[in-house]
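Spelled out from the first residue to the last, the chains are:
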Amino acid sequence: MKKTITAIFIAVCASAASADGLKSLETFMQNTHSAQAEFTQEVTAPSKNGQAPRVKTSSGSFAFERPGQFRFDYKKPFVQTIVADGKTLWLYDADLNQVTERAQAKALGSTPAALLASAPNLQALTKDFTLESAPEQDGLQWVHATPKAKDGQLQSVRVGLRGEQLAALEILDSFGQRSMIRFDKVQANAALPASTFDFKVPQGADVLKQ
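Because the structure is predicted, anything quoted here is derived from the model rather than measured. Each chain has its residues counted from 1, following the order in which its sequence is written. Residues qualify for local features only when their pLDDT is at least 70, as the model is predicted, and side-chain atom pairs are given and counted only at 80 or more; totals for whole chains, interfaces and linings, by contrast, use all residues. To get the side-chain values, take all heavy atoms of the structure and skip hydrogens and water.

A. Spotlight on the environment of Gly163. Each helix corresponds to a stretch of at least 4 residues labelled H or I by DSSP, and each strand to a stretch of at least 2 residues labelled E; elements are numbered beginning at the N terminus. Of note, Gly163 is situated in the loop between strand 9 (154–162) and strand 10 (165–173). Here Gly163 falls in the partly exposed class, since its relative accessible area comes to 38%. For the pair formed by Gly163 and Gly139, sequence separation is 24 residues and the distance between their alpha carbons is 9.8 Å. Two residues qualify as a contact provided that any one of their heavy atoms is within 4.5 Å of a heavy atom in the partner residue. In contact with Gly163, not counting residues within four places along its chain, are Ser24 and Gln141. The buried label goes to any residue with under 20% of its type's maximum accessible area, the exposed label to any with over 50%, and the partly exposed label to all in between, with areas taken from a 1.4 Å probe on protein chains only.

Structure below.
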């Protein structure tokens, strides 16, 4: 009897903890309309031929403003910039001095960016993702998002929140590569200059339109 009661208690507590993930994401989307932060990203490639998985680390700054604008500035180990201005998605590789230009509506869709900057609310996200609360881990509430489109390069995304504040994104692509992005020094509802999302092609850069 005691074991049964204990099992029920644990199940109820786990259910309550899981429910916090979707609630935290909903509150984040309702109350946070812009933000800026620093980030660290670890990309782990699948192991091959019995070798240990390869891990690459990068860092930089991030900003977003709804609807549909965001910016990633990678500073280490290589300089790269990703900007969505609401119409166009720009990717700039400083080493190659090359810019890739894509129509934003076609490029985003079922991507992690849609979870942060594109969808205006939780209901809108369900158009492209199946959302489920996940158990609390590392002091964060988690939401597991699975794209409804089966032909993309994304398997799943986990969104980690600390209360209503964005803390982490874990991205698994169709090749088994896992990316963990952790956000630090988050400033919610920051007043961002319009120039934040105004990308200008660097002089002499090659532009590839896709």
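B. View of the environment of Phe70. On the secondary structure map, Phe70 appears in strand 3 (residues 69–76). Judged by its relative accessible area of 6%, Phe70 is buried. Between the C-alpha atoms of Phe70 and Leu116, which are 46 residues apart in sequence, the distance is 8.6 Å.

C. Local environment of the confidence of the model for the chain. In this model, the chain carries a mean pLDDT of 84, and residues with pLDDT of at least 70 account for 88%. Predicted confidence for residues 1–19 stays below pLDDT 50, and this span has four contacts to residues more than four positions away or in other chains. One confidence number per residue, pLDDT, is output by the predictor and ranges from 0 to 100.

D. Up close: the pattern of salt bridges. Here, a salt bridge means any side-chain nitrogen of Lys or Arg that lies within 4 Å of a carboxyl oxygen of Asp or Glu. Counting across every chain of the model gives six salt bridges. With a shortest N-O distance of 2.7 Å, Arg158 and Glu170 are connected by a salt bridge. Residue Arg158 is found in strand 9, and its partner Glu170 is found in strand 10; the two are separated by twelve residues along the sequence. Assigned by exposure class, Arg158 and Glu170 land together as buried.

E. View of unusual backbone geometry. Cis geometry is adopted by the peptide bond preceding Pro67, which originates at Arg66 and carries an omega value of 0 degrees. Tracing the chain through its elements places Pro67 in the loop between strand 2 (55–65) and strand 3. Residue Pro77 is reached from Lys76 by a cis peptide bond, and omega for that bond is -5 degrees. Its location among the elements puts Pro77 in the loop between strand 3 and strand 4 (80–85). Phi is positive for Lys185, which is not a glycine, with a value near 55 degrees.

F. Just the layout of surface pockets, in detail. Approximately 1,700 Å³ is the volume attributed to the largest pocket. Side-chain classes are defined by residue name, with Ala, Val, Leu, Ile, Met, Phe, Trp, Tyr, Cys and Pro counting as nonpolar, Asp, Glu, Lys and Arg as charged, and the others, Gly among them, as polar. Each residue belonging to the lining of the largest pocket can be placed in one class, and the counts come to 23 nonpolar, 14 polar and nine charged. Lining residues are those with an atom within 4 Å of a point, where the points come from a 1 Å grid over the protein atoms alone and group into cavities, where a 1.4 Å probe fits but cannot get out, or pockets, open sets with protein on both sides within 12 Å along at least five of seven lines. Grid points are joined across faces, edges and corners, and a volume is the space filled by probe spheres set on the points.

G. Spatial organisation of the pairing of strand 3. As paired strands, strand 2 and strand 3 are joined by seven bridges and run antiparallel to one another. Bridging from a neighbouring strand, Ser59 pairs with Lys76 of strand 3. Between any two strands, pairing holds if DSSP finds at least two bridges. Between the end of strand 2 and the start of strand 3, which pair antiparallel, lie three residues, with Gly68 showing a positive phi angle near 80 degrees. Two strands pair when backbone bridges link them, and strand 3 and strand 4 are joined in this way by six bridges, in the antiparallel orientation. When the sheet's bridge partners are listed, Asp73 is paired in strand 4 with Thr81.

H. Looking closely at the nonpolar core. Counting residues in each nonpolar core, the largest one holds 32 residues, and the members touching the most others are Leu25, Phe28, Phe62, Phe70, Leu125 and Phe183. The element that contributes the greatest number of residues to this core is strand 9, accounting for four residues. Beyond its immediate sequence surroundings of up to four residues, Leu25 is in contact with Leu122, Leu125, Val143, Val159 and Leu161. Residues belong to one nonpolar core when they are buried, are Ala, Val, Leu, Ile, Met, Phe, Trp, Tyr or Cys, and are joined through side-chain atoms within 4.5 Å.

I. Spotlight on the side chain of Thr196. Along the chain, Thr196 falls in the loop between strand 11 (178–188) and strand 12 (206–209). Residue classification places Thr196 among the buried positions, given a relative accessible area of 15%. In terms of polar contacts, Thr196 uses its side chain to reach the backbone carbonyl oxygen of Pro193, at 2.8 Å. Those residues within four positions of Thr196 in sequence are excluded, and the remaining contacts are Ala63 and Arg71. Any pair of N or O atoms that falls within 3.5 Å is considered a polar contact. Within protein, one atom must be able to donate a hydrogen and the other to accept it, and sequence-neighbouring residues count only if both atoms are side-chain atoms.

J. Representation of the sheet that holds strand 12 within the structure. One open sheet holds the twelve strands; their spatial order is 7-8-9-10-11-1-2-3-4-5-6-12, and the pairing between them is mixed. Two strands bound the open sheet, and with one partner strand each, they are strand 7 (129–137) and strand 12. Across the sheet, the mean angle separating the axes of adjacent strands is 20 degrees when strand polarity is ignored. The angle between two axes is taken between their N-to-C directions and runs from 0 to 180 degrees, where each axis is a line fitted to C-alpha atoms and a helix contributes only its stretch in contact.

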